[in-house]
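# Fold and contact review
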Amino acid sequence: MASEDVQSELSPHGTLPLVGSYEVIDARTGELPNGLRYVILPRKSSEPGIGIEMYVEGGFIAERRPGERGLVHFIEHMAFDGTTNIPPGQLLEIGMPVSFPAPSAGATDWRGSRYYFSSRTSKVKDIDTLLFILREFASEQTFLPEAIERQRADVLREMDEKRIGNHIYADLVAAVGPGTPTDLIDAQNSQDVANAPIEVIEALYRDLYHPVSTVISVVGDVDPDAVIALIEDRFGDWRPEGTRREPSSEWELEADKISNLSVAAEPRSRIGTALSWSLPSSDTPLRRLVALDAALMDMLAVEALSARLEAQDPDTDKSNLRVSIDDGTNGYRLVLIVLVQPERDWVASVSNLSELACSLHSRGFSPDEWRTAKASTLASLHDRARAVGSVTNVALAGQLANAHSRGIWVFSPSELLFHATKIFPDLDESRGNAWLRDRIISGVQHLRVETPALSAYEHPTEIVRKEFGSQSCE
């Protein structure tokens, strides 16, 4: 298909057109009679095999009953310690001849659990072996007592290593996203993992792992029809045992509970300051071109925000500056600017970010700043489009699984670049500043300070508040 075909308006719940080297490649999507969804992207690359992921919806936010906090992560660990047809210790013997070794092949977040592999070949029998393993993870976990205790110790060790970081992050997300799924972050510091009986762990597994909650994604040099047949053969007879937990629709950003300031003064805190704006998440546009416009406007905003902050303080190390916009992953839209300055005190960081916030409200971005943002966005997309071949199959499989689960659009760098060349010439500062007002600074602003330098004070927040108050806009 030629690049002009990118202009087609397809539902985000149907075919997912991706663009590589300025050509559109259609990813095959579908659904088995039992509700399991799949997305397959045929792709030729330098990799010898495929990337494959199974995504099971229902992560930390599904842990709703007392005694369940942290157990979804526990279940993900259990998958690798024996199933009905893979005895404990035998997984590597089955998988390693087919897949590459990896430090981990599973992860759990707010929305679900991921299981993924990169294969050594794209032979049908090898893909089938990986699908066999994933089916075992999906419905055949056994929860033997000795395996439970092995993995309990491992999960507790992981939790202990991340406890302080989780606590600090918990405080941040509670401050910027009250009422939303991430407001439950401290679940990862729960004692439930240490005390949960086998029956509770297995019951949660049976309630969460269902075909209708599962997406299989395959990327590589494959015949889609052959892969679909394998998926049908391995997963078509899956009949869940538990009562599926429907995704909660109760989450809503409670903007009135967002304070203008929070402080983390733990002795082991990182040194940094963050400025954020929290807004309700946007609905996924039904028209592809509308979604493309929104994606590019966010990219322009990130470039412009970064440049403004660097211009304010030329000594800012770009590697210590991160600007991001996340729309809906965790139930709300979060614009986040993180400034990590280990060699400077927190007062300088507060001053820098406060000046940025004031200037955005008073004058927005100038015509020159928007022109520069457009030029840097185009350059970045050119670089990303040229490097598209270096993106691994398993990384693409993960992106597709996540997008298909959430029903959102997927854009490649070259598709974004193609669309940017069409709209950027007529995109001036008026439209750019309207986006800034409506989709960024209209949110609830929050300043975050993290530094061990304040750990000696009994009321560190008040110390920062005095300084923050002195940084009022003129």
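Residues numbered from 1 in each chain as written. Predicted model: local features only at pLDDT ≥ 70, side-chain atom pairs only at ≥ 80, totals over all residues. Heavy atoms only, no water.

Before going further, it helps to examine the sheet that holds strand β10 (residues 321-327). With mixed pairing, five strands are arranged side by side in an open sheet as β8-β12-β9-β11-β10. Among the strands making up the open sheet, the edge pair consists of β8 (261-264) and β10. Each neighbouring strand pair of the sheet contributes to a mean axis angle of 15°, computed without reference to strand direction. Bridge count between strand β9 (residues 272-279) and strand β12 (residues 444-450): seven bridges; the pairing is antiparallel. Bridging from a neighbouring strand, G272 pairs with E450 of β12. In this fold helix α8 (residues 288-312) packs onto β10 and β11 (333-339), with an angle of close to 155° to the strand it touches most, β10. Docked against the sheet, helix α14 (residues 460-469) engages β8 and β12, running at close to 130° with respect to β8. (Pairing = 2+ DSSP bridges. Helix = DSSP H or I, 4+ residues; strand = E, 2+ residues; numbered from the N terminus. Axes fitted to C-alpha atoms, helices over the stretch in contact; angles between N-to-C directions. Contact = heavy atoms within 4.5 Å.)

As a further point, take the environment of L396. Counting through the fold element by element, L396 comes out in helix α11 (residues 393-406). Spatially, the C-alpha atom of L396 lies 40 Å from that of A348, the residues being 48 residues apart in sequence. Ignoring anything within four residues of it in the chain, the contact list for L396 reads L41, R43, V219 and V391.

What follows covers unusual backbone geometry. Backbone geometry places F143, a non-glycine residue, at a positive phi of 55°. In this fold, F143 is placed in the loop between α3 (124-139) and α4 (145-176).

Core analysis: the largest hydrophobic core is formed by 51 residues, its most contacted members being W277, L296, L305, I337, L360 and I440. It is α8 that contributes the most residues to this core, twelve residues altogether. In this structure, L296 is in contact with L381, L416, H419, A420, I423 and F424, ignoring residues within four places of it in sequence. (Core = buried A, V, L, I, M, F, W, Y, C linked by side-chain atoms within 4.5 Å. Buried < 20%, exposed > 50% of the residue type's maximum accessible area, 1.4 Å probe, protein only.)

What follows covers the pattern of salt bridges. Summed over the entire model, instances satisfying the criterion amount to 29 salt bridges. The shortest N-O distance in the salt bridge between E202 and R206 comes to 3.4 Å. Of this pair, E202 and R206 both sit in helix α6 (residues 198-208), four residues apart, which is roughly one turn of the helix. With a relative accessible area of 16%, R206 lands in the buried category. We note a salt bridge from K257 to E254, for which the minimum N-O separation is 2.9 Å. Residue classification places K257 among the exposed residues on the basis of a relative accessible area of 56%. (Salt bridge = Lys/Arg side-chain N within 4 Å of Asp/Glu carboxyl O.)

The next thing to look at is α14. Considered for burial, the residues of α14 that qualify are P460, V464 and F468. Down the axis, α14 shows its buried residues gathered within 70° of arc, on one side only. Lining the buried residues of α14 we find β8, α9 (346-363) and β12. (Arc of directions from axis to C-beta.)

Once that is clear, we can look at the confidence of the model for the protein chain. Residues shown with low pLDDT carry predicted positions that ought not to be read at fine detail. Of the residues in the protein chain, 91% reach a pLDDT of 70 or more, and the chain-wide mean stands at 87. Ranking the helices and strands of the protein chain by mean pLDDT puts helix α7 (residues 224-235) first, with 98, and strand β1 (residues 16-20) last, with 48. Note on residues 1-17: pLDDT is under 50 here. Beyond four places in sequence and across chains, it has 53 contacts. Note on residues 19-25: pLDDT under 50 across the span, and 25 contacts to partners over four residues away in sequence or across chains. (pLDDT = per-residue confidence, 0-100.)

Turning next to the environment of H361. The residue H361 is located in helix α9 in this model. A residue is classified by how much of its surface remains accessible, and H361, at 46% relative accessible area, is partly exposed. As for H361 and L91, which are separated by 270 residues in sequence, their C-alpha atoms are 56 Å apart.

Attention now moves to the pairing of strand β7 (residues 214-220). Successive residues of a regular strand alternate their side chains across the two faces of the sheet. Most of β7 sits out of view: seven of its seven residues are buried. Burial along β7 is two-sided: the face carrying T214, I216, V218 and G220 and the face carrying V215, S217 and V219 are both buried. Note that strand β3 (residues 37-42) and β7 share six bridges and pair parallel. Its bridge partner being in β7, V39 is matched across the sheet by S217. As defined by bridge partners, strand β4 (residues 51-57) adjoins β7 across six bridges and the pair is classed as antiparallel. Residue pairing in the sheet places Y55 in a bridge with V215 of β7.

The next thing to look at is the side chain of H210. Within the element layout of this structure, H210 appears in the loop between α6 and β7. With residues near it in sequence (within four places) discarded, H210 still touches W238, P240, G242, T243 and R244.

So, about the pairing of β11. Burial of β11 is extensive: seven of the seven residues sit out of reach of the surface. Of the two faces of β11, the one lined by R333, V335, I337 and L339 and the one lined by L334, L336 and V338 are each fully buried. Of the pairings in the sheet, the one linking β9 to β11 comprises seven bridges and is antiparallel in character. Bridging across to β11, S276 finds its partner in L336. Sheet analysis places β10 next to β11, joined by seven bridges and oriented antiparallel. Counted as the bridge partner of I325 is V335 from β11. Following β10, the chain reverses through five residues before pairing antiparallel with β11; G328 in that reversal takes a positive phi of roughly 105°.

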